[in-house]
Amino acid sequence: MHCVSSKHSVMMVSFCQGALLLSLAAAMVVYADMKVDCGPDFVTLMWTESRPQADTSLLRLGNCFPTSFSAGEAYFYVDLTDCNFRRLVTGDALVYSNDLTYIASADSYNLAFTHPVVCAYERPKDWYATIYDPVFKTYSLGDLQFNIGLMNDDFSGPAESTRFPLGSIIPIMASVVQETHQPLLLLLEECVAATTPELYPESTMYPIISNKGCLLESVSSRSKFEPRQKSSEIRLSLQTFTFAMGEEVFIHCKLLAWDPNGLDSTKKACHFVEGHGWELLDNLAQSNLCDCCESKCTSRRQRSVASEKHGMVQKAVIGPFTITDVNS
């Protein structure tokens, strides 16, 4: 069943199968119909074109090509985890958004356009953000699944808002789920803030964690790693900062699942404690591993195929969220 059928010169809101589809008017008059179904974990979109010279193969949903197309129609059947769908948690809603774009050729009479597509679902009570699906495998560690998300103040559940006043704390939790008895230690190797869900060479970035696990923000703020509840989980209390205030912010991280017995200066979680200096989260007695946070952290161990099999790195993105001015 199609949820929405609309001319794009009007705005329509319609409910379908527990999902909300919001279709907004484009900046130009587009002579076409769009029908969208918001499935439980997928979206179908049918675009019917009436412009005689339009090439429906030039339509894109995010970064995805049409599943099929003809002279007057383009059809997309995509998973919500594909095509660069953006995900946002607001209150009790889990919102996925994307853009349908038309890429006009240089000699075309038809202008390029962008049209938003949004599906919102009731947020499951036990939901928190999954970085990736499918599950990856790593040597002798079985199947791994990484999770990361914005949390509430006591880390007991997902954040109820994605707006954080300047100076407040953003609780962030990451974990790795393992189907093996072998323990894993989860580390945040690197995290940067940016205003885009993907990083590009020209992206403006704000470093948070760098130098192989050094929490730079802890030097000049109340940011810190919280004591671990389990080795496969890491909690970060990040104080908001003056970067892209009022804009959408994404945090891009590299997560590392590692052998708990294999810590060194490149496999660590370090934060700065006033009056004490750099401290290692997992063992204060080994805080000398953090000494390199003021310079460049390198491993004395010779890199080998065997050492690479102790763990696995996974890229992850949190957001978007917004840092607000307390006076606004």
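Residues numbered from 1 in each chain as written. Predicted model: local features only at pLDDT ≥ 70, side-chain atom pairs only at ≥ 80, totals over all residues. Heavy atoms only, no water.

Where an unreviewed UniProt entry is consulted, the chain appears under the name Zona pellucida sperm-binding protein 3-like, with the organism given as Gymnodraco acuticeps.

Draft legend 1. Structural detail: the sheet that holds strand β14 (residues 163–165). Taken together, the 8 strands give an open sheet; going across it, the order is β14-β24-β21-β16-β17-β18-β22-β23, and neighbouring strands pair in mixed fashion. Whereas interior strands pair on both sides, the edge strands pair on one side only; in this sheet they are β14 and β23 (277–280). Judged from the 2 bridges that link them, strand β18 (residues 214–215) and strand β22 (residues 270–273) form a sheet pairing that is parallel. Bridging across to β22, Cys214 finds its partner in Cys270. (Pairing = 2+ DSSP bridges. Helix = DSSP H or I, 4+ residues; strand = E, 2+ residues; numbered from the N terminus.)

Draft legend 2. Region of the structure containing the pairing of strand β24 (residues 312–324). Pairing geometry for β14 and β24, over 3 bridges, is parallel. Residue pairing in the sheet places Arg163 in a bridge with Thr322 of β24. Taken together, the 9 bridges between strand β21 (residues 248–258) and β24 define a ladder with antiparallel strand orientation. Paired with Leu256 across the bridge in β24 is Val313.

Draft legend 3. Geometry of the state of the cysteines. Following the criterion strictly, the structure yields 6 disulfides and no others. Here Cys214 pairs with Cys293 through a disulfide, and the sulfurs are 2.0 Å apart. Taking the torsion about the S-S bond as the criterion, the Cys214 to Cys293 disulfide, at about -80°, is left-handed. In this pair, Cys214 is assigned in strand β18 and Cys293 in the loop between β23 and α1 (305–308), connecting sequence segments 79 residues apart. When its relative accessible area of 0% is taken as the criterion, Cys214 is described as buried. Two residues, Cys270 and Cys290, share a disulfide whose sulfurs are 2.0 Å apart. Given an S-S torsion of about -80°, the disulfide between Cys270 and Cys290 has left-handed geometry. Of the two residues, Cys270 is situated in strand β22 and Cys290 in the loop between β23 and α1; the sequence distance between them amounts to 20 residues. In this pair, the class of Cys270 matches that of Cys290, namely buried. (Disulfide = S-S within 2.5 Å. Buried < 20%, exposed > 50% of the residue type's maximum accessible area, 1.4 Å probe, protein only.)

Draft legend 4. Representation of a negative patch on the surface. Together, Asp92, Glu122, Asp153, Asp154 and Glu160 make up a region of like negative charge exposed at the surface. Turning to its location among the elements, Asp92 is positioned in the loop between β9 (86–90) and β10 (93–102). We classify Asp92 as exposed; its relative accessible area is 64%. (Patch = residues over 30% accessible without salt bridge, like charges linked within 9 Å, V, L, I, M, F, W, Y side chains within 5 Å. Areas by Shrake-Rupley, 256 points an atom, 1.4 Å probe, with all protein chains shown as cover. Salt bridge = Lys/Arg side-chain N within 4 Å of Asp/Glu carboxyl O. Lys, Arg positive; Asp, Glu negative; His and termini not counted. Charge placed at Lys NZ, Arg CZ, Asp CG, Glu CD.)

Draft legend 5. Molecular detail of unusual backbone geometry. Here the bond from Gly319 into Pro320 is cis, since omega is 10°, no more than 30 degrees from zero. Phi at Cys83 is positive, roughly 65°, even though this residue is not glycine. Within the secondary structure layout, Cys83 lies in the loop between β8 (73–79) and β9. Not every positive phi belongs to a glycine, and Ala244 is a case in point at roughly 50°. Locating Ala244 in the fold gives a position in the loop between β20 (233–239) and β21. Ala244 sits in the buried class, given a relative accessible area of 17%.

Draft legend 6. Expanded view of the confidence of the model for the chain. When pLDDT is averaged along the chain, the result is 77; 76% of the residues meet or exceed 70. Mean pLDDT values for the elements of the chain range from 26 in strand β12 (residues 136–138) up to 97 in β18. In this model, residues 130–142 is a region of pLDDT below 50 whose contacts with residues beyond four sequence positions or in other chains number 37 contacts. For residues 302–309, every residue scores under 50 in pLDDT, and the model assigns this stretch 4 contacts once sequence neighbours within four places are set aside. (pLDDT = per-residue confidence, 0-100. Contact = heavy atoms within 4.5 Å.)

Draft legend 7. Region of the structure containing the packing of aromatic side chains. By the definition in use, this model includes 8 aromatic pairs. Both rings, one in Trp47 and one in Phe113, keep their centres 5.3 Å apart while their planes meet at 20°; by these two values the pair is stacked. With Trp47 in strand β5 (residues 42–49) and Phe113 in strand β11 (residues 113–122), this residue pair connects regions lying 66 residues apart in the sequence. According to the relative accessible area criterion, Phe113 is buried, its value standing at 6%. For the pair Phe164 and Phe321, a centre-to-centre distance of 5.9 Å together with 85° between the ring planes defines the contact as edge-to-face. Pair noted here: Phe164 is in strand β14 and Phe321 is in strand β24, with a separation of 157 residues, a long-range link. Each member of the pair, Phe164 as well as Phe321, is classed as buried. Taken together, the aromatic side chains of Trp47, Tyr102 and Phe113 make up a single cluster linked through ring pairs. (Phe/Tyr/Trp six-rings, centres within 6.5 Å; stacked < 30°, edge-to-face > 60°.)

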